[in-house]
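# Examination of the molecular architecture
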Amino acid sequence: MHDVNWTALIIFVALFAFITWLGFAAAHWRKGDLDQLHEWGLGGRRFGTVITWFLVGGDLYTAYTFIAVPALAFGAGAIAFFAVPYTIVIYPILFLVFPRLWYVCHKHQYITPADFVRGRFGNRWLALAVTVTGIVATMPYIALQLVGLQVVIGGLGIAGNGYLGDLPLVIAFVILAAFTYSSGLRAPASIAIVKDILIYITAFAAVIVIPIELGGFAKIFAAVPEQKVLLASPGPNTTGAYGSYATLALGSALALFLYPHSMTGILSASSGHAIRRNAAMLPGYSLMLGLLALLGFFAIAASVAGLPEYAAGFKQFGNNFAVPALLLHFFPSWFVGIAFAAIGIGALVPAAIMSIASANLYTRNIHREFINRNPTDRQEAQMAKWVSLIVKFGALVFTIFLPTQYAIWLQLLGGIWIIQTLPAVMLGAYTRWFNDWALVAGWAAGIVVGTVMAVAANFAPTYPVTIAGFGFPGYTALYTVILNVLVAVVLTPALNALSVGSGAADETAPADYEPPIRAVAHQVTQPAAPYPQRAAE
Amino acid sequence: MNGNRARRTGWSWWYLLFMIQFVAVLWPPFYNRVEPSLGGMPFFYWYQLLWVIIGAIFTAIVYFATDKRTEAVGPGLNS
């Protein structure tokens, strides 16, 4: 770690300089008035199918994913592959639910999921619950992106003493903060194109070159300890690892699109059709993620953890150093520069979108709802820009001063928390049957029980639920959202009978969730139609 | 005319393709085995990677199948 890899570093810095320029230049791309929140925070809802593909791909498949999934395969084996079924089942959900949300948000100018909940259920406290959950769940996620960045910077051989060692991270973050502030969502959208191309190059080079060097997949898997190759068969009276695997995949999938940054990426699409098309096109990233997960096994087969030159890296970053070590071991320095830049830029794209999403939430659903009810467009956009800075600064402080383990724990809790907004947001896209206070009660039950279960399980993602002597170990988030829905279903008729509830009218109409008839043909041929585009009604 | 809207997001039998995907990848007993391996890669891995591709194809099929319904409902809009 004490030797700086100069060739790799120069290429890494050059690529970062390029995306910095691109991030600032993006302000002029499909130019809009950045003093309006939907222009700054949603790119004017103008991204067609292809840009949406890059943006949502860059948003969901984060740098941390590319580091952590192979690291989990390296450390724990087959269970890490749950990321593959997880990314398979997200797309039917995207296809079915999100075009409806897109149409209703477009029609009513909603910018955040909480805007939608506020309009649908008329309860500002329910909307506040969705808002706070979104912001709190996103913060550790941003911090984890920084961890991904830290790992590749460490891999370049840059290590300083004390806080000086964090200087590169601080620089990268200042750059990120500056272009997000000036260009809004256009910055990560344009940078995502560069990042995704670099990541694809890296991934395909790695899964082609490394297996050849290692003598083929048969040899690689022969080197992996037998208990890591497959899931452990469940013992008697338990669903064992099978239950954990399936519930992790399904629960993570349900949680993913509830994160505010996913919603931001999706709402910036120019049409519901762009979203449906992307449900068929985004699996391209899933395939890459699955192939990248295999890098964990390559790292086992290449025994990189035992090589003295990587000992310091593994000591500092643990299994997260498996991918950087593998790339350093097999590729020339110039390619390492490209690969590390891909991962590093891959951290900035989601971090930018996450901070924008949090800023939109604060501005719309806390500031506007509770502090200043009638901001001008300019005030609103300015507020969001400032909040995006504060959010990023918070994540930076978190990453530098607190152990990485805290961010990982909080991110785990974040998954359990964010999924509790499912009844209001996803089911809310289909029905207003639920009583608004019943939804609040379900949310609270899910948050409290989920947090207690996670702590009781020592921050393992799965909890060993036992019913009548039969064990169902599974993902805490999935179990607690089931509890959440049950509470909401039971309390809805009860509270309605007691006349508890906001009684506010639903400001959305069933037709708002559908494409306006005349706009359908129009949007198919012109995905980049200018906003605001109101269909003839 | 308003009948057109309701038909857009009603149930479609094509959505059953999504159910097939869910069952195929969320039931580990189907695929938690080494053989038959493909090019040295255990079944567990290539089966799931293959389903990424099948899933994408299924989604594309559903997209085109349900999209055509809209066009059938509103003829002449493209002209």
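Parameters and conventions
Residues numbered from 1 in each chain as written. Chains lettered and ligands numbered in written order. Predicted model: local features only at pLDDT ≥ 70, side-chain atom pairs only at ≥ 80, totals over all residues. pLDDT = per-residue confidence, 0-100. Helix = DSSP H or I, 4+ residues; strand = E, 2+ residues; numbered from the N terminus. Contact = placed C-beta atoms within 7 Å. Nonpolar A, V, L, I, M, F, W, Y, C, P; charged D, E, K, R; others polar. Core = buried A, V, L, I, M, F, W, Y, C linked by C-beta atoms within 7 Å. Buried ≥ 20, exposed ≤ 12 C-beta atoms within 10 Å, placed from the backbone. Domains from an automatic or database assignment. Pairing = 2+ DSSP bridges. Expected span 1.5 Å × (residues − 1).

## Section: the confidence of the model for chain A
Residues and elements named next belong to chain A. Looking at chain A, pLDDT values average 85 and 94% of them are 70 or higher. For chain A, per-element mean pLDDT is lowest for helix α25 (residues 517-525), which scores 48, and highest for helix α22 (residues 422-425), which scores 94. Contacts of residues 519-537 to residues separated by more than four positions or lying in other chains number 29 contacts, the stretch itself having pLDDT below 50.

## Things to note about the interface of chain B and chain A
Facing 36 residues of chain B, the contacting portion of chain A comprises 37 residues. Those elements that place two or more of their residues in the side of chain B that touches chain A are α1 (3-8), α2 (16-26) and α3 (43-73) of chain B. With 14 residues, the single largest contributor to the side of chain B that touches chain A is α3(B). Its residues assigned to classes, the side of chain B that touches chain A comprises 21 nonpolar, twelve polar and three charged.

## Quick look at the environment of A:Ile338
Inspection of the secondary structure assignment puts A:Ile338 in helix α19 (residues 333-371). Those residues in contact with A:Ile338, other than ones at most four positions away along the chain, are A:Ile11, A:Leu198, A:Ile201 and A:Thr202.

## Observations regarding the nonpolar core
Residues and elements named next belong to chain A. Core analysis: the biggest nonpolar cluster contains 209 residues, and Ala249, Ala293, Phe298, Ala299 and Leu326 have the highest contact counts within it. The dominant element in this core, judged by the number of residues it contributes, is α19, at 19 residues. The residue makeup of this core includes at least three contributed by each of domain 1 (6-402) and domain 2 (433-502).

## A few points about the pairing of strand β2 (residues 470-475) of chain A
Along any regular strand, the residues point their side chains to alternate faces of the sheet. Residue and element names in this part refer to chain A. Summarising the sheet, strand β1 (residues 462-467) and β2 pair through six bridges and their orientation is antiparallel. Residue pairing for β2: Val465 is matched across the bridge by Phe472. Taken together, β1 and the strand that follows it, β2, pair antiparallel across an intervening segment of two residues, in which Ala468 is found at a positive phi of about 50 degrees.

## Describing helix α23 (residues 436-456) of chain A
Since the α-helix turns once every 3.6 residues, residues separated by three or four places project in the same direction. Relative to the 30 Å expected for 21 residues at 1.5 Å per residue, α23(A) spans 30 Å between its end C-alpha atoms, a close match to the ideal helical length. Positioned one or two residues after α23(A), A:Asn458 has a phi angle of 60 degrees, which is positive.

## Thoughts on the environment of A:Ala424
Within the fold, A:Ala424 resides in helix α22. Aside from chain neighbours lying at most four places away, what touches A:Ala424 is A:Val117, A:Phe121, A:Leu126, A:Val130 and A:Leu439.

## Re helix α8 (residues 167-183) of chain A
For α8(A), with 17 residues, the first-to-last C-alpha span of 24 Å sits near the 24 Å given by 1.5 Å per residue. Two residues or fewer after α8(A) comes A:Gly184, characterised by a positive phi angle close to 65 degrees.

## Describing the domain arrangement of chain A
All names here are of chain A. For chain A, the assigned domains are domain 1 (6-402) and domain 2 (433-502). Each of domain 1 and domain 2 has a C-alpha centre, and these two points are 28 Å apart. The partner domain 2 presents 17 residues to the 18 residues of domain 1 that form the contact. Looking at the side of domain 1 that touches domain 2, the elements with two or more residues in it are α7 (124-155) and α12 (240-256). No other element matches the nine residues that α12 contributes to the side of domain 1 that touches domain 2. Among the residues forming the side of domain 1 that touches domain 2, the class breakdown is eight nonpolar, ten polar and no charged.

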